[in-house]
Each structure stands twice: as C-alpha cells, then as structure tokens.
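# Observations on chain architecture
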Amino acid sequence: MLIAYLAKCVTLSETQEKIQQQNKKMPEGHMQIRPELAHFLSFLLRLTKPKRILELGTYTGFSALTFAEATDETCKIVAIDRNQEWTKLAKRFWAEAGVSDRIQLIYGDAPTVLQQLIADSIEPFDFIFIDASKKHYERYVNFCLELLAPGGFIAVDNVLWDGEVLNPESTDLNAHYIAAFNEVMFARTDITVSIVPLDDGVMLIQKI
Ligand SMILES: C[S@@+](CC[C@H](N)C(=O)[O-])C[C@H]1O[C@@H](n2cnc3c(N)ncnc32)[C@H](O)[C@@H]1O
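Numbers given for residues are sequential positions, taken from 1 along each chain in its written order. Local features in this predicted model are restricted to residues whose pLDDT is 70 or higher, and side-chain atom pairs enter the listing and the counts only when it is 80 or higher, whereas totals over whole chains, interfaces and linings include all residues.

Residues are classed as near a molecule or strand if the C-beta position derived from their backbone is within 6 Å of it. Taken together, 19 residues form the shell around the ligand, and within it Met 31, Gly 57, Ser 63, Ala 110 and Ser 133 come nearest. In DSSP terms, a helix is any run of H or I states spanning at least four residues, a strand is any run of E spanning at least two, and both are numbered starting from the N terminus. Elements represented by at least two residues in the shell around the ligand include exactly helix H4 (62–70) and strand S2 (76–81). Ten residues, namely Ala, Val, Leu, Ile, Met, Phe, Trp, Tyr, Cys and Pro, are considered nonpolar, four, namely Asp, Glu, Lys and Arg, are considered charged, and the remaining ones, Gly among them, are considered polar. Each residue belonging to the shell around the ligand can be placed in one class, and the counts come to 8 nonpolar, 7 polar and 4 charged.

Attention now goes to the environment of Lys 18. Following the sequence through the fold, Lys 18 ends up in helix H2 (residues 14–24). Sequence separation between Lys 18 and Ile 106 is 88 residues, and the spatial gap between their C-alpha atoms is 23 Å.

This brings us to the sheet that holds strand S7 (residues 202–207). Each pair of strands is called paired provided DSSP finds at least two bridges between the two strands. One open sheet holds the 7 strands; their spatial order is S3-S2-S1-S4-S5-S7-S6, and the pairing between them is mixed. Of all strands in the sheet, those bounded by a partner on one side alone are strand S3 (103–107) and strand S6 (191–196). For this sheet the average axis-to-axis angle between neighbouring strands, irrespective of direction, equals 15°. When strand S1 (residues 52–56) meets S2, the two strands line up parallel, connected through 5 bridges. Each bridged residue has a counterpart across the sheet, and for Leu 54 the counterpart in S2 is Val 78. Where helices are involved, their axes are fitted lines through C-alpha atoms of the stretch in contact, as for all axes, and angles between N-to-C directions lie from 0 to 180°.

Looking now at the pairing of strand S5 (residues 148–157). Around each residue's C-beta, the other C-beta atoms within 10 Å are counted; 20 or more make the residue buried, 12 or fewer make it exposed, and counts in between make it partly exposed. All C-beta atoms are placed from the backbone. Burial within S5 is extensive, with 7 of its 10 residues counted as buried. Bridging between strand S4 (residues 125–130) and S5 involves 5 bridges; their strand directions are parallel. Its bridge partner being in S5, Phe 125 is matched across the sheet by Leu 148. Note on handedness: a crossover is taken as right-handed if, strands pointing away from the viewer, the path from the first strand over the helix to the second is clockwise. In this view, the connection linking S4 to its parallel neighbour S5 by way of helix H7 (residues 137–147) has right-handed handedness.

Turning our attention to the packing of helix H6 (residues 110–119) against H7. The angle between the axes and the distance between the axes are what describe a pair of packed helices. Look at H6 against H7: their axes get within 10 Å of each other, and the N-to-C directions meet at 20°. What the angle tells us is that H6 and H7 run roughly parallel. The handedness of the crossing between H6 and H7 is left-handed. Note on element contacts: H7 touches H6 through Arg 139, Tyr 140, Phe 143, Glu 146 and Leu 147, opposite Ala 110, Pro 111, Leu 114, Gln 115, Leu 117 and Ile 118. Of the residues contributing to the contact of H6 with H7, the split by class is 8 nonpolar, 1 polar and 2 charged. Relative orientations are named as follows: roughly parallel for angles under 35 degrees, roughly antiparallel for angles over 145 degrees, roughly perpendicular for angles from 65 to 115 degrees, and oblique for any other angle. Here is the rule for handedness: rotate from the far helix to the near one, and if that takes an anticlockwise turn smaller than a right angle the crossing is left-handed, while a clockwise turn gives right-handed. Think of it this way: build a C-beta for each residue from its backbone, and any pair within 7 Å is a contact.

Here it is in structure tokens:
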C-alpha cells in the first residue's frame, strides 16, 4: 500500500514504460530498479547535472535510459554488463528513445572492466550507479572511488536486500554479502554514506 502511495508522484517516459512492460514478461524482471527509485535518482541528476555517468549492471536498459532522460545531451553514459541477450534489448530501447549515441555499452565482467578503465586513465565520472553482482560490491566501490570525479557521488542498489540484511540466519548468500559490505562502508572514514529506503534500499556514497 505504501509503495503504491510513493508511486503517486512518479511518472514514466514512454520508453521507460515499454521497458517495464517487457521486464514484466521476463523471469528476471524484478532486477529492474523500481520506478520510485528511478524517479528519485532522476531528481538527484537534475540537481547535480553530471556530464559523465558510469553504470555497473544494465540488464534491459531501464536505469541507463532513466539517467539519459534525466540529463542533457552533453552527458555521456558508460554501461557495463556481461549479458549480451539482455543488453541487446537495452540497445533496442535506447535507439527507440533516441539516446543510443550517449550510451556506450561495454561487455565484460565488471571487476575486470573497471580495472581496465583505471589502467586506461579514463576521464572520471560524476555519478556512478552500482547494480551488478552483490558479491563484488566492496571491490566495485573501491574501484569506483578511483574513477569518481571530485564532487561526484556513487549510488549502490539493493543495500537492504528486502530486509534480509538484518537476518543473520538468512539462507540467502547475497544477504550476507550485502550486510558485510554495509558494515565495511559504515566504518570507513574516507567516505560519507546515507541509505535511502526506497525500492530495495539505495546507498549514496561521497568521498570526504
Ligand atoms: C540487477 S540487474 C541490473 C538492473 C538494471 N540496473 C535495471 O534497472 O534494469 C544486474 C545486471 O548486472 C549484470 N551483472 C551481474 N554481475 C556482473 C558482473 N560481474 N559483470 C558484469 N555484469 C554483471 C547482470 O548481467 C544483470 O544484467
């Protein structure tokens, strides 16, 4: 009931709506960020006006499209995913929305791709969205802090894992990975973190 209420202030673009309909037909469709989180991140992007965005975990393209639609045509997005089948759909939707020229998709295993981007001294990113393998979250943040531009911020999805992070007896391995990741982030003194309990919980991270 509360989710339906939160959704009252959310509107989706035509292509966001199409992707959501597509995802509803897929067994993994729940992986897409929920509209209220997309709306919140769009709000932050309209405030902060990033010129470069990095995304880890693209699936069928909903979140990357959201970022493209919340920024102007000078903002470039690099999206990393290892699944060609799902991202083929993403590319089709981005083309439909007219944002393909702003999104570069890199296929590969995210930790390896991130190391390569650092080795290549790629221009830093103003906003980084982490939504790939939960097991690697701490590594992702460490790499992403190296790739973050001054004043930039990182958003990490699913940090509440449906409340399972509070259950030490959970049979879900991801709950343990995320709970451990969260504790490490809370204890760090080189970053500041804030968790917004929208969708499955999103952690915002800034370098101090
Ligand atoms: C939760 S889904 C992303 C959902 C997407 N952000 C959205 O809102 O629709 C996770 C994605 O991360 C990708 N992924 C998981 N582990 C990965 C890894 N180690 N390297 C690259 N991609 C990975 C999966 O293929 C999947 O498409």
